[in-house]
Amino acid sequence: MIDTAILWDKCLDDLRYRVKDNVFTMWLRPLSVHKEEQTLIIRAPNDYFVTYIKKNHLADIEQLVIKHSQNSIEEVVVRVDNNSHSNAQNVDASETGTIDNNETSSTSLFTGNQLSPTLASSDNNAKDLNNKQQVNTSQAALIDSADIKSLSYLNPDFTFETFVTGKSNNLAYKACYELTKPQSKNRHNPLFIYGPSGLGKTHLMHSVAQRYLKNNRSFYYFTSEKFINQLVYSLRNNKIEDFKKKIKKVDLLIVDDIHVLAGKTKSSNEFLTLFADFTSGDKQLILASDRHPSQMTEFDERFRSRFSWGLTVAVEPPEIDTRVQILQKKADSYGMLLPKECALFIAQNVVSNVRRLEGALNQVFANANLTGAPITLEMVQYALKDIVAMRVQAVNMDNIRKVVAEYYDITVKDLMGRKRTRTIARPRQIAMALSRELTGDSYPDIGQSFGGRDHTTVMHGCDKVAELRAADPAFDKDYKALAMMLQAG
């Protein structure tokens, strides 16, 4: 007899890597299931969820259910969960933002097709949010001092306890953790976290929000897209002041991917007024972006300077030791045994970000579950053979030249040519050094592939790059970024 909970967990594991993270967290994670004879019933919080799931994800879900149930499930049905909180009709996660006690979903402040922000505050019903159970309607419909209700779709797995630290993210972790301490004397406002996608920025921000919730403090969490949607709706309906008034009631405002606001003049200007409110007094503002404020050239100086007022911290790709720790901690959370040599092999071949690292681990576990084979180095090598092949394919001199040329905004022809201007010669030396490090090809072979140059030219270029890396941290950072891009799994 099939275990429905295990079946649904397997389906969710597959779905997680078919959709964007925010879609998975907002729309798929809140679902629950039960079985009635040969039918799997998917329970959704409300009718809007049902419509959305049927339109966008039901076909994939049906396919996965058939696969993981080995055809024992004949039908999949999506229904509203009638066991939801008794006030659920007044708290619609997809159509409603914040809702006052006397408002209904048809008359609430934010209606339409945009998704709501996340507002949450703690009361006696908010218990043990750091466990691994789904944050459902009854858990998340919480009331703050202003009697505001909403749903919280924080990922319960994203806590400080589950975050693995290393040199690449330790400062960001400490800065976020410090914000959650009562009466902290080291508050930095705003806290600006930057780095490429998939490295843990969202994990840290959810961790702060979870701790605020535990400490009876309220927050809003927005992706910038949802923030813009709410602003646009409010502006069009002459409710912008109501919108801002609602937000100003909370203690913490988090806006992810703030760079998306660039070019949205009205939205940006309204955000500046909120910025002023949340960078004074006891309130806190956390912003996240894919790059440092100084590199956000789409914004004028007003924004760049404000973004840099507090503390700016980077989250960078994890070094190999951290990657191994992440894999082993994730394996422990699954109740799986991952031998160290297997973790090391995965970490050596998937280097770009944590999301892909976890994806590779899930692939290994799926292979073990399907075949019943123990997790050995040989099995892991087989399960990840396609990832390894792609990585090997990416690390060749042709691709190195292409990536370096794009990075420095020059052409591959320039790298192969004879020009010796610094804007071309330096990237050429970097490409040679990367070729030597990543392919292991000989100096003569590299020289021939760079327009028939002598091996001594390649040697000089590699030595010069090593010298500059030791003397110039910015140069070293560029070199490491290029190496990481080329080795991305």
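A quick note: this is a predicted structure, and the numbers were derived from the prediction, not measured.

Peer 1: Got a minute to help me understand the overall build of the protein chain in this structure?
Peer 2: For the protein chain, the helix and strand inventory stands at 22 helices and 12 strands. Across the 489 residues that make up the protein chain, the buried fraction comes to 51%. When the accessible surface of the protein chain is summed, it comes to about 23600 Å², and 48% of that surface belongs to carbon and sulfur atoms.

Peer 1: Quick question: what am I supposed to make of the side chain of R401 here?
Peer 2: Tracing the sequence through the fold places R401 in helix 17 (residues 397–407). Ignoring anything within four residues of it in the chain, the contact list for R401 reads V412, L415, M416, S449 and F450.

Peer 1: Can you help me understand the packing of helix 12 (residues 320–334) against helix 14 (residues 354–371) in this one?
Peer 2: To characterise two packed helices, one gives the angle between the axes of the helices and the distance between these axes. Across the interface, helix 12 lies against helix 14 with an axial gap of 10 Å and an inter-helix angle of 45 degrees. Classified by the angle their axes make, helix 12 and helix 14 are oblique. Of the two possible hands of crossing, helix 12 and helix 14 adopt the one that is right-handed. Residues R323, I326, L327, K330, A331 and Y334 of helix 12 lie in contact with helix 14, whose contacting residues are V354, L357, E358, L361, N362 and F365. In terms of residue class, the contact of helix 12 with helix 14 is made up of eight nonpolar, one polar and three charged.

Peer 1: Can you help me understand helix 7 (residues 201–214) in this one?
Peer 2: Its 14 residues place the ends of helix 7 20 Å apart at the C-alpha level, agreeing with the 20 Å of an ideal helix rising 1.5 Å per residue. By the criterion of burial, helix 7 is predominantly enclosed, with 12 of the 14 residues buried. Where helix 7 is concerned, the buried positions are K201, H203, L204, M205, H206, S207, V208, A209, Q210, R211, Y212 and L213. In the stretch just after helix 7, N216 is the one whose phi turns positive, near 65 degrees.

Peer 1: Which parts of the structure should I look at to understand the packing of helix 6 (residues 170–179) against helix 7?
Peer 2: Where helix 6 contacts helix 7, the axes come no closer than 9 Å and their chain directions differ by 20 degrees. Classified by the angle between their axes, helix 6 and helix 7 sit roughly parallel to one another. Crossing angle aside, the handedness with which helix 6 passes helix 7 is right-handed. Judged by residue contacts, A172, Y173, C176, Y177 and L179 of helix 6 engage L204, V208, R211 and Y212 from helix 7. For the contact of helix 6 with helix 7, a count of residues per class yields eight nonpolar, no polar and one charged.

Peer 1: I keep staring at the pattern of salt bridges and nothing clicks. Help me out?
Peer 2: Any two side chains of opposite charge can pair, so long as their charged atoms come close to each other. Scanning all chains against the criterion turns up 16 salt bridges. Of the charged contacts in the structure, one is a salt bridge between R18 and D60, with a shortest N-O distance of 3.6 Å. Here R18 is found in the loop between helix 1 (4–16) and helix 2 (21–28), whereas its partner D60 is found in helix 4 (residues 58–69), with 42 residues between them in sequence. The exposure class assigned to R18 is partly exposed, which follows from its relative accessible area of 42%. Take D60: its relative accessible area is 29%, and that puts it in the partly exposed class. Note that R79 and E36 form a salt bridge whose closest N and O atoms lie 3.8 Å from each other.

Peer 1: When you look at the side chain of H57 in this model, what are you seeing that I'm missing?
Peer 2: Considering the arrangement of structural elements, one finds H57 in the loop between helix 3 (47–56) and helix 4. H57 has contacts with V19, V23, L28 and Y52, leaving out every residue within four places of it along the chain.

Peer 1: Sorry if this is basic, but what is going on with the environment of T322 here?
Peer 2: Within the secondary structure layout, T322 lies in helix 12. Taking relative accessible area as the criterion, T322 reaches 1% and is therefore assigned buried. C-alpha of T322 to C-alpha of K167: the two residues are 155 residues apart in sequence and 8.2 Å apart in space. Beyond its immediate sequence surroundings of up to four residues, T322 is in contact with V164, T165, G166 and K167. Within the structure, T322 has its side chain in polar contact with the side chain of E319 (distance 2.4 Å).

Basis of the calculations
Residues numbered from 1 in each chain as written. Predicted model: local features only at pLDDT ≥ 70, side-chain atom pairs only at ≥ 80, totals over all residues. Heavy atoms only, no water. Helix = DSSP H or I, 4+ residues; strand = E, 2+ residues; numbered from the N terminus. Buried < 20%, exposed > 50% of the residue type's maximum accessible area, 1.4 Å probe, protein only. Areas by Shrake-Rupley, 256 points an atom, 1.4 Å probe, with all protein chains shown as cover. Contact = heavy atoms within 4.5 Å. Axes fitted to C-alpha atoms, helices over the stretch in contact; angles between N-to-C directions. Parallel < 35°, antiparallel > 145°, perpendicular 65-115°, else oblique. Left-handed = near helix turned anticlockwise from the far one by under 90°. Nonpolar A, V, L, I, M, F, W, Y, C, P; charged D, E, K, R; others polar. Expected span 1.5 Å × (residues − 1). Salt bridge = Lys/Arg side-chain N within 4 Å of Asp/Glu carboxyl O. Polar contact = N/O pair within 3.5 Å; in protein donor to acceptor, adjacent residues only side chain to side chain.

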